[in-house]
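Here's the letter readout for the chains.
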Amino acid sequence: TQLLEQSPQFLSIQEGENLTVYCNSSSVFSSLQWYRQEPGEGPVLLVTVVTGGEVKKLKRLTFQFGDARKDSSLHITAAQPGDTGLYLCAGDRSSASKIIFGSGTRLSIRP
Amino acid sequence: GAVVSQHPSRVICKSGTSVKIECRSLDFQATTMFWYRQFPKKSLMLMATSNEGSKATYEQGVEKDKFLINHASLTLSTLTVTSAHPEDSSFYICSANGGQRDTEAFFGQGTRLTVV
């Protein structure tokens, strides 16, 4: 059973379109991170959200942490081929002191 | 951000042999490191939490005698895949907590293990 469920699992869209990836859990997290991973490489941290309701922007990427700190979303505006990759959310449950990854969303942007 | 170096990046070994993978935090001290396994096109699966100076904590279903973890110093953790079999072939990734918040995990480049 995946503690953090991401949806969709796969997404292929045209360049210039917008998209949203969701990360959901029934558990509360003290913080949540979003990573992007390219084939054959380790994940690269994009953002960390800590406060319920927090919104962070990174150029065309907007990240939001749910009010109850159980879910998060990643919105990409005007997607570009360079956005292609595996997007992973990861949560830290301070009681467990370890970071658990979501199921992943594989994003493909067609030129 | 903090830098974590993993070595080797690729390794091919024969069935029955053992392979050691190193994970180093280059510019910070990591009291805790994590080892993950990733199957093709899948997410990362946590194998174990490596604690400096103490035994690793393994996730359910992970054989501790198969995947030996040693965290001898604040900057180095090793994962040894013992008596490797083809089904052990996978992408192994380590991470260490660091940076401004302990909850930010920085990852190594990963190790592609192929057992033939």
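Because the structure is predicted, anything quoted here is derived from the model rather than measured. Every chain is numbered independently, its residues counted from 1 as its sequence is written. Chain labels run from A onward and ligand labels from 1 onward, assigned in the order the entries are written. For this predicted model, a pLDDT threshold of at least 70 governs which residues receive local features, and a threshold of 80 or more governs which side-chain atom pairs are given and counted, while totals over whole chains, interfaces and linings are taken from all residues. Only hydrogens and water are removed before side-chain values are computed, so all heavy atoms of the structure are retained for them.

Participant: Residues and numbers for the sheet that holds strand E3 (residues 19-25) of chain B, please.
Facilitator: Residues and elements named next belong to chain B. Reading across from one edge, E1-E3-E8-E7 is the order of the four strands in this open sheet, with antiparallel pairing throughout. At either end of the open sheet lies a strand with only one pairing partner, and these are strand E1 (4-7) and strand E7 (67-73). Taken pair by pair, the neighbouring strands of this sheet meet at an average axis angle of 15°, ignoring direction. Note on pairing: DSSP must find at least two bridges between two strands before they are called paired. Secondary structure counts use DSSP, requiring at least four H or I residues in a row for a helix and at least two E residues in a row for a strand, with both numbered from the N terminus. Judged from the four bridges that link them, E1 and E3 form a sheet pairing that is antiparallel. Note that in E3 the partner of Val4 across the bridge is Ser25. Axis angles are defined between N-to-C directions and span 0 to 180 degrees, where every axis is a line fitted to C-alpha atoms and, for a helix, only to the segment in contact.

Participant: I'd love a proper account of the pairing of E7 of chain B, names of residues and values included.
Facilitator: Residues and elements named next belong to chain B. The sheet contact formed by E7 and strand E8 (residues 76-81) spans five bridges and is antiparallel. Following the sheet pairing, Asn70 is matched in E8 by Thr78. Where E7 folds back on E8, the antiparallel hairpin that results is connected by two residues.

Participant: Tell me about the state of the cysteines, and please be specific about residues and values.
Facilitator: Two cysteine sulfurs form a disulfide in these notes if their separation is within 2.5 Å. Within the structure shown, the criterion is met by two disulfides over all chains. Bridging Cys23 of chain A to Cys89 of chain A, the disulfide has an S-S length of 2.0 Å. Classification of the bridge connecting Cys23 of chain A and Cys89 of chain A rests on its S-S torsion, roughly 75°, and on that basis the disulfide is right-handed. Note that Cys23 of chain A is positioned in strand E3 (residues 19-24) and Cys89 of chain A in strand E9 (residues 85-93), a separation of 66 residues in sequence. Three labels apply to residues, based on accessible area from a 1.4 Å probe with only protein chains included: buried if under 20% of the type maximum, exposed if over 50%, partly exposed otherwise in between. For Cys23 of chain A, a relative accessible area of 0% corresponds to the buried category. Between the sulfur atoms of Cys23 of chain B and its disulfide mate Cys94 of chain B the distance is 2.0 Å. With the S-S bond torsion at 80°, the cross-link from Cys23 of chain B to Cys94 of chain B turns out right-handed. One end of the pair, Cys23 of chain B, is in strand E3; the other, Cys94 of chain B, is in strand E9 (residues 90-97), with 71 residues separating them in the sequence. Each member of the pair, Cys23 of chain B as well as Cys94 of chain B, carries the same accessibility label: buried. We note that Cys13 of chain B lacks a disulfide partner, and the nearest cysteine sulfur, in Cys94 of chain B, lies 18 Å from it. Overall, the relative accessible area of 8% leaves Cys13 of chain B in the buried class.

Participant: Go over the packing of aromatic side chains, please, and point to the residues and values.
Facilitator: Where two aromatic rings form a pair, the distance of their centres and the angle of their planes describe that pair. Residues and elements named next belong to chain A. Each Phe, Tyr or Trp ring, with Trp reduced to its six-membered ring, pairs with another whose centre is within 6.5 Å; inter-plane angles below 30 degrees give stacked pairs, above 60 give edge-to-face pairs, and intermediate values give tilted ones. Overall, the coordinates contain seven aromatic pairs over all chains when judged by the stated rule. Taking 5.4 Å as the distance between ring centres and 45° as the angle between the ring planes, the aromatic pair formed by Tyr35 and Phe101 counts as tilted. In this pair, Tyr35 is assigned in strand E4 (residues 31-37) and Phe101 in strand E10 (residues 98-101), connecting sequence segments 66 residues apart. The exposure class of Phe101 is buried, given its relative accessible area of 2%.

Participant: Give a description of the interface of chain B and chain A that names residues and reports values.
Facilitator: With 20 residues of chain B at the contact, the number on the chain A side is 24 residues. Between chain B and chain A the total buried area reaches about 1,600 Å² when both faces are included, carbon and sulfur atoms providing 58% of it. Salt bridges are defined by distance alone: a side-chain nitrogen of Lys or Arg within 4 Å of a carboxyl oxygen of Asp or Glu. On the surface where chain B and chain A come into contact, there are zero salt bridges. Each polar contact in these results corresponds to two N or O atoms within 3.5 Å; when the atoms are within protein, one needs to be able to donate a hydrogen and the other to accept it, and residues that are neighboring in sequence are counted only if both atoms are side-chain atoms. Our count for the chain B to chain A interface comes out at three residue pairs in polar contact (both at pLDDT 80 or more). The set of elements that each furnish at least two residues to the side of chain B that touches chain A consists of strand E4 (32-38), strand E5 (44-51), E9 and strand E10 (105-107) of chain B. Residues are grouped as follows: Ala, Val, Leu, Ile, Met, Phe, Trp, Tyr, Cys and Pro are nonpolar; Asp, Glu, Lys and Arg are charged; every other residue, Gly included, is polar. The class makeup of the residues in the side of chain B that touches chain A is eight nonpolar, seven polar and five charged. In what follows, a contact means two residues having at least one pair of non-hydrogen atoms within 4.5 Å. What gets called buried area is simply the loss in accessible area from a 1.4 Å probe that two parts show on being joined, summed for both.

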